[in-house]
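Structural description and commentary
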Amino acid sequence: MQDFNGKVVVITGGATGIGFALAKQFAEHGARIVIAARRRERLAQAAATLSASGAEIRVFECDVTQRDQVEALADFAWEQFGRVDVIVNNAGVLPTLSPVIETKQEDVQRVFDVDFFGVWNGVSVFGQRFIAQGTPAAIYNVGSENCFFSAVPQGGGYVAAKHAVLAMTEALREELPDHIEVSLICPGLVKSELGEVTNDGMDTDRFAALAMTQILAGEFLIVSHAHNMVRIQARYEEIKVAYVKYAPRYQGDDEFDVRTLGARFNWWK
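Residues numbered from 1 in each chain as written. Predicted model: local features only at pLDDT ≥ 70, side-chain atom pairs only at ≥ 80, totals over all residues. Heavy atoms only, no water.

1. A few points about the packing of helix H1 (residues 17–28) against helix H6 (residues 204–216)
To keep it simple, the criterion reads: Between N-to-C directions, angles cover 0 to 180 degrees, with each direction set by a line fitted to C-alpha atoms, over the stretch in contact for helices. Numbering of helices and strands runs from the N terminus, with a helix taken as a DSSP run of H or I at least four residues long and a strand as a DSSP run of E at least two residues long. Under this scheme an angle from 65 to 115 degrees is roughly perpendicular, one under 35 degrees roughly parallel, and one over 145 degrees roughly antiparallel; angles in between are oblique. Left-handed is the label given to a crossing in which the near helix is rotated counterclockwise from the far helix by less than a right angle, and right-handed is the label when the rotation is clockwise. Residue contacts are counted whenever heavy atoms from the two residues lie within 4.5 Å of one another. The nonpolar class holds Ala, Val, Leu, Ile, Met, Phe, Trp, Tyr, Cys and Pro. Asp, Glu, Lys and Arg form the charged class, and all remaining residues, Gly among them, are polar.
With their axes 9 Å apart at the nearest point, H1 and H6 run at an angle of 55° to one another. Considered as vectors, H1 and H6 are oriented oblique to each other. Between H1 and H6 the crossing geometry is right-handed. Counting all contacts with H1, which are made through Gly17, Ile18, Ala21, Leu22, Lys24, Gln25 and Phe26, the residues of H6 involved are Thr204, Asp205, Phe207, Ala208, Ala209, Ala211, Met212 and Ile215. Taken together, the residues of the contact of H1 with H6 break down into ten nonpolar, three polar and two charged.

Here it is in structure tokens:
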């Protein structure tokens, strides 16, 4: 989507951090915006700042882990503007750091509830309505550099949730009709209120401006933090070496390829 002038953009976790910085970017491009978050006072502060710049803003209290609240957010947005064109599934939390074998299940579940199932709720609720609406629309899921490798030592639950967001977003891109664009926003360390570690991250507005450049270009993967390529190359080199050594290519090696077999035997439509 290359033109946001007059479009309606809904952003979860939009009162602070990356969500708020993206809201400012969309506002600069003429969008009408609904920001959703759990804290009423931060929503009010964000709305005041955005309104002062001339943007048309609405706010809605929403816990993305509760599907009925995400449904209510969608109802509100359509009631206010008569349409929605973009959903940015941004709301997220950081993990409680501990080794995988010592991490409490409830701590992992808390991260998954927000960082994965919160995104899934937004995708499902807004995606179905975008299909019914039938006009050009976009779904932007905020993942992380942790979609591609483990950037957070002793944060296995968080890294797993972000890997899951990547997998879900890749599937979504294949499944949705052509009028719905899908992108995955993959920030590295960016300044936010999520935790003390973020104090040393990239300036939030700098990141949002970089992300918007890629959004306007229609990119699927929206990236930042150039040093990530060192980690990514190391991971995929290890995969490549394993395959070359133990499962090298051969003539007809698609004999057990799931996609090839699925097409042959009509396993899916």
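2. What about the pairing of strand S1 (residues 8–12)?
Let me state the cut-off plainly: For each residue, the accessible area found with a 1.4 Å probe, counting protein chains only, is set against the maximum for its type, and the residue is called buried under 20%, exposed over 50%, and partly exposed in between. Two strands are counted as paired when DSSP detects at least two bridges linking them. Note on handedness: a crossover is taken as right-handed if, strands pointing away from the viewer, the path from the first strand over the helix to the second is clockwise.
The buried fraction of S1 amounts to five of the five residues, a majority that puts the element mostly inside the structure. Taking every second residue as pointing to the same face, both faces of S1 are buried, with Val8, Val10 and Thr12 on one and Val9 and Ile11 on the other. One ladder, built from five bridges, connects S1 with strand S2 (residues 32–37); its direction is parallel. Residue pairing in the sheet places Val8 in a bridge with Arg32 of S2. On the question of chirality, the crossover connecting S1 to the parallel S2 by way of H1 is right-handed.

3. Some words on the pairing of strand S5 (residues 137–142)
With respect to burial, S5 is a largely interior element, six of its six residues being buried. Judged by which residues are buried, S5 turns out to be covered on both faces: Ala137, Ile139 and Asn141 on one side and Ala138, Tyr140 and Val142 on the other are all buried. Pairing of strand S4 (residues 86–89) with S5, which is carried by four bridges, proceeds in the parallel orientation. Each residue of the ladder has a partner; that of Asn89, found in S5, is Asn141.

4. Observations concerning the packing of aromatic side chains
Operational definition: Here the aromatic set is Phe, Tyr and Trp, taking the six-membered ring for Trp, and pairing holds for ring centres within 6.5 Å; pairs whose planes are under 30 degrees apart are stacked, those over 60 apart are edge-to-face, and all others are tilted. For a lysine, the NZ atom is tested; for an arginine, the CZ atom; a charge sits over a ring if that atom is within 6 Å of the ring centre and within 35 degrees of the ring normal.
Taken as a whole and judged by the stated rule, the model has eleven aromatic pairs. Ring geometry for Phe116 against Phe117: centres 5.0 Å apart, planes inclined by 70°, an arrangement best described as edge-to-face. Phe116 sits in the buried class, given a relative accessible area of 9%. Owing to a relative accessible area of 39%, Phe117 belongs among the partly exposed residues under this scheme. Among the aromatic residues, those joined into a cluster by ring pairs are Phe112, Phe116, Phe117 and Trp120. One residue, Arg173, lies across the ring of Phe220, its end atom 3.7 Å from the ring centre.

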